[in-house]
Amino acid sequence: QVRLVESGGGVVQAGNSLRLSCAASGGTFSNIRMAWFRQAPGKEREFVATTSRSVTPYYADSVKGRFTISRDNAKNTVYLQMNSLKPEDTAVYYCAARYYGGSYDYTDQDQYAYWGQGTQVTVSS
């Protein structure tokens, strides 16, 4: 069982930055694909970014060039650096994880077995 705990959310003005962290425990972190999703009010949860041990990080078009996902295997932590934030980035951000193996769409939330509780990011204009 993998437990995920997010932190780093808050309220910022448009154009500013935030860094989210997701600490994992209870699993072998180096064998786990990590991802970030978000859910805005009244909308479905959507893919943001994902990172694995051997593949270039992948981003949703809406955040490409502004957000950076990274992982520190020594700390069992994945980060999401968010720059040039926009009001439309306002959402609850969720960390997700799954073990490697098989062929799957890593942008599909249904492929992830483990989820954090979420952290609120609010961007004011």
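The written sequence of each chain sets the order in which its residues are numbered from 1. The predicted nature of this model means local features are confined to residues of pLDDT at least 70 and side-chain atom pairs, given and counted, to a pLDDT of 80 or more, with totals for whole chains, interfaces and linings taken over all residues. Note that water and hydrogens are dropped before the side-chain values are worked out from all heavy atoms of the structure.

Trainee: Talk me through the pattern of salt bridges; I want residue IDs and the actual numbers.
Mentor: Put simply, a salt bridge is a Lys or Arg side-chain nitrogen that is within 4 Å of an Asp or Glu carboxyl oxygen. Counted under the stated rule, the structure contains four salt bridges. Between Arg 38 and Asp 89 there is a salt bridge, with its nearest N and O atoms 2.9 Å apart. With Arg 38 in strand S4 (residues 32-39) and Asp 89 in the loop between strand S8 (77-82) and strand S9 (91-99), this residue pair connects regions lying 51 residues apart in the sequence. Each residue gets one of three labels from its accessible area relative to the maximum for its type: buried under 20%, exposed over 50%, partly exposed in between, using a 1.4 Å probe on protein chains only. The buried category is assigned to Arg 38, whose relative accessible area is 5%. Residue Asp 89 is classed as buried on the basis of its relative accessible area, which comes to 1%. Measuring nitrogen to oxygen at the nearest pair gives 2.7 Å for the salt bridge that ties Asp 89 to Arg 66. Residue Asp 89 is located in the loop between S8 and S9, and its partner Arg 66 is located in the loop between strand S6 (58-59) and strand S7 (67-72); the two are separated by 23 residues in the primary sequence. Here a strand is any run of E in DSSP of at least two residues, a helix any run of H or I of at least four, and the numbering for each starts at the N terminus.

Trainee: Tell me about the state of the cysteines, and please be specific about residues and values.
Mentor: What counts as a disulfide here is a pair of cysteine sulfur atoms lying within 2.5 Å. With the rule as written, the count across this model stands at one disulfide. A sulfur-sulfur distance of 2.1 Å marks the disulfide that ties Cys 22 to Cys 95. Between Cys 22 and Cys 95, the disulfide has an S-S torsion of -80 degrees and is therefore left-handed. One end of the pair, Cys 22, is in strand S3 (residues 18-25); the other, Cys 95, is in strand S9, with 73 residues separating them in the sequence. The same class applies to Cys 22 and to Cys 95, which are both buried.

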